Amino acid sequence: MATTRYPALLVILHWLLALMIVGMLGSGLAVGSDLLPKMKQFQIIQWHKAFGVGVLLLVGLRILVRLWAMAMHKIPALPQTFKPWELKAAHLGHIGLYAAMIFMPLTGWLMVSSSPYGLPTMLWGTVAWPHLPGVAGLTWVNEVAKESHELLGFALLALLAAHVGAVAKHYFQDKINLLPRVWFGVLAVALLLGSTANATPYTALVAQSSVGFKGTHAGAEFKGKFDSWQTEIQWNPAELAQSRISATINLTSARTGNPTYDATLPTADWFNTTKFPHATFTSTKITKGAKANTYAAKGTLTLRGLVQPVAFTFSVVPMAGRTDGALRAIGGMQLDRLAYGIGAASDPAAEWVSRPITVTLDIVATPAVAQ
Ligand code: HEM
Ligand code: HEM
């Protein structure tokens, strides 16, 4: 399955390090500004040194995991719509952030190792972190290290601002949300926090359900369906805040019954299934609809590496005559195919294929325990 998110360990390390580095920049600048009482400064520096060593060790681990993930092809490809300069800028920016994350603690370590005070670096008052050998008392090394540490601090701040700015630019201007690449699906987070405790897991019965799509081609309606997909459902109509739906759709399983359409759909300009074989949906919020047994779901749909917010309404009713607790959910939504770059090169003006594509859902699901 094509990955759309960094491996879990890299995601955890990204945010743990982000948090620690913001703390390091804050504490470093607080000391550097010389505004605090001397005793406070001394305490902050001891804290700063210990956490700085922690950053160094975690960055080492992150680089090893990153190399492993690269070798295993587990790094998600950037959206195809990125321009070549954007790909290059993202790549260079990330290399710069890695370099800053390595050289910040290294120059800090060199600074304290060559400091005229020769104070030990204690890791939370217990273990003494050794000094770098051969530099003790060398004032010129201390000065170079101190200067570099300070300059690197400002470079890291600038890189961080560019990094967050780039994520915001893609979100607001290009309507591309990159955050799910470094975050977990709502379901995973909910399971982690146990907040689906009052919802029941349901399993969708693929053979009795259908996930379809329709639009028009040259003015005539076409219809298709996906034969292969999976869902993860936590459902309780009385506890919608704890109910979640996520789905993975195998795009190679799209069938319209028309050989020309079926041959075109997997190609690079349409679903591009070689690079992005799956679409994924994750709900973020489910609320009650206006009529009885109707609901509205909001969430994100990832298609061709692009993540877009989507919303749809659906009804849920018990299946008559079934003893296995089966529910039937019927719903649908309209997607703008160009928001996902589908057919963007072949038919950008929608002269042939309609821009709105309707997705229809008719899902039969049973409580997972009854399986
Ligand atoms: C000191 C703080 C941070 C550092 C050092 C940092 C560093 C990095 C690095 C090195 C990567 C590339 C990961 C890789 O390819 O291995 C990355 C990815 C990413 N970061 Fe951060 N980051 C920081 C804070 C943030 C913040 C605050 C945000 C929120 C806006 C953010 C959002 C992202 C996103 C969305 C990606 C994935 C981008 C992509 O796949 O191209 N980061 N970060
Ligand atoms: C990611 C890791 C780190 C970051 C982001 C960071 C950041 C900073 C910044 C911004 C300053 C203020 C510079 C100035 O304005 O003068 C500073 C000062 C300092 N840092 Fe770090 N630092 C890191 C790691 C370390 C490590 C590992 C050590 C030592 C083991 C260290 C030791 C110091 C010391 C002693 C100062 C005070 C320098 C002075 O003004 O006398 N830092 N740090």
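Keep in mind that what you see is a predicted model, and the values were worked out from it rather than measured.

**Student:** Residue-level account of the overall build of the chain, with values.
**Tutor:** Within the chain one finds six helices and 13 strands. Taking 2.2 N^0.38 as the reference for a compact globule, 371 residues should give roughly 21 Å; the C-alpha atoms of the chain span a radius of gyration of 26 Å, well beyond that estimate. The burial tally for the chain puts 23% of its 371 residues in the buried class. Expressed as a percentage of contacts within the chain between residues at least 6 apart in sequence, the contacts between residues at least 24 apart total 64%.

**Student:** Tell me about the site of ligand 2, and name the residues and values.
**Tutor:** Taken together, 26 residues sit near ligand 2, with Gly28, Gly32, Gly52, Gly108 and Gly153 positioned nearest. Elements with a minimum of two residues in the shell around ligand 2: helix 1 (8-32), helix 2 (38-71), helix 3 (84-113) and helix 4 (139-172). A breakdown of the residues in the shell around ligand 2 according to their chemical character gives 15 nonpolar, eight polar and three charged.

**Student:** Residue-level account of the environment of proline 356, with values.
**Tutor:** Tracing the sequence through the fold places proline 356 in strand 13 (residues 356-367). The spacing of proline 356 and lysine 214 is 142 residues in sequence and 9.0 Å in space, taken between C-alpha atoms.

**Student:** Requested: an account of unusual backbone geometry, with residues and values cited.
**Tutor:** We note that arginine 304 has phi near 50°; this positive angle belongs to a residue other than glycine. When you line up the elements, arginine 304 lands in the loop between strand 10 (294-303) and strand 11 (306-318). Despite not being glycine, alanine 350 has its phi angle at roughly 55°, a positive value. Its location among the elements puts alanine 350 in the loop between strand 12 (327-336) and strand 13. Owing to 15 C-beta atoms within 10 Å, alanine 350 belongs among the partly exposed residues under this scheme.

**Student:** Quick one: what's the story with the pairing of strand 5 (residues 220-226), residue by residue and with numbers?
**Tutor:** In this structure, strand 4 (residues 210-217) lies alongside strand 5, joined through seven bridges in antiparallel fashion. Each bridged residue has a counterpart across the sheet, and for glycine 212 the counterpart in strand 5 is lysine 225. If you look at the hairpin formed by strand 4 and strand 5, you'll find two residues sitting between the two strands, and alanine 218 has a positive phi there, around 50°. Across two bridges, strand 5 lies against strand 8 (residues 254-255) in antiparallel orientation. Residue phenylalanine 226 lies in a different strand from strand 8, and its bridge partner there is alanine 254.

**Student:** Before we move on, can you summarise the domain arrangement of the chain with the specific residues and values?
**Tutor:** Per the domain assignment, the segments making up the chain are domain 1 (8-181) and domain 2 (191-370). The C-alpha centroid of domain 2 is placed 41 Å from the C-alpha centroid of domain 1. With eight residues of domain 1 in contact, the opposing surface of domain 2 contributes 10 residues.

**Student:** So what's going on with the site of ligand 1? Residues and values would help.
**Tutor:** Around ligand 1 sit 20 residues in total, of which Ala18, Ile21, His94, Leu97 and Leu178 are the nearest. Looking at the shell around ligand 1, the elements that each hand over two or more residues are helix 1, helix 3 and helix 4. In terms of residue class, the shell around ligand 1 is made up of 15 nonpolar, three polar and two charged.

**Student:** With reference to specific residues and values, describe helix 2.
**Tutor:** Between its first and last C-alpha, helix 2 extends 49 Å over 34 residues, near the 50 Å set by a 1.5 Å rise per residue. All buried positions along helix 2 are accounted for by Lys49, Gly52, Val55, Val59 and Arg62. As for helix 2, its buried residues are in contact with helix 1, helix 3 and strand 1 (121-123).

**Student:** With reference to specific residues and values, describe the nonpolar core.
**Tutor:** If you look at the biggest cluster of nonpolar residues, it comprises 33 residues, and the most contacted ones within it are Ile233, Ile249 and Ala365. Ranked by residues supplied to this core, first place goes to strand 10 with four residues. Apart from the residues lying within four places of it in its own chain, the contact partners of isoleucine 249 are Val211, Phe226, Trp229, His278 and Ala279. Residues Ala100, Met104, Leu152 and Leu156 belong to the second largest nonpolar core, which totals nine residues.

**Student:** An account of the packing of helix 1 against helix 4 is needed here, citing residue identities and associated values.
**Tutor:** As a packed pair, helix 1 and helix 4 sit with axes 11 Å apart at the nearest point and diverge in direction by 135°. With respect to helix 4, the element helix 1 is oriented oblique. Note on packing geometry: the crossing formed by helix 1 with helix 4 is left-handed. On helix 4, the residues that touch Leu25, Gly28 and Gly32 of helix 1 are Glu150, Gly153, Leu156 and Leu157. Of the residues that constitute the contact of helix 1 with helix 4, the class distribution is three nonpolar, three polar and one charged.

Reading the values: rules and limits
- Residues numbered from 1 in each chain as written.
- Chains lettered and ligands numbered in written order.
- Predicted model: local features only at pLDDT ≥ 70, side-chain atom pairs only at ≥ 80, totals over all residues.
- Helix = DSSP H or I, 4+ residues; strand = E, 2+ residues; numbered from the N terminus.
- Rg over C-alpha atoms; globule rule 2.2 N^0.38 Å.
- Buried ≥ 20, exposed ≤ 12 C-beta atoms within 10 Å, placed from the backbone.
- Contact = placed C-beta atoms within 7 Å.
- Near = placed C-beta within 6 Å.
- Nonpolar A, V, L, I, M, F, W, Y, C, P; charged D, E, K, R; others polar.
- Pairing = 2+ DSSP bridges.
- Domains from an automatic or database assignment.
- Expected span 1.5 Å × (residues − 1).
- Core = buried A, V, L, I, M, F, W, Y, C linked by C-beta atoms within 7 Å.
- Axes fitted to C-alpha atoms, helices over the stretch in contact; angles between N-to-C directions.
- Parallel < 35°, antiparallel > 145°, perpendicular 65-115°, else oblique.
- Left-handed = near helix turned anticlockwise from the far one by under 90°.

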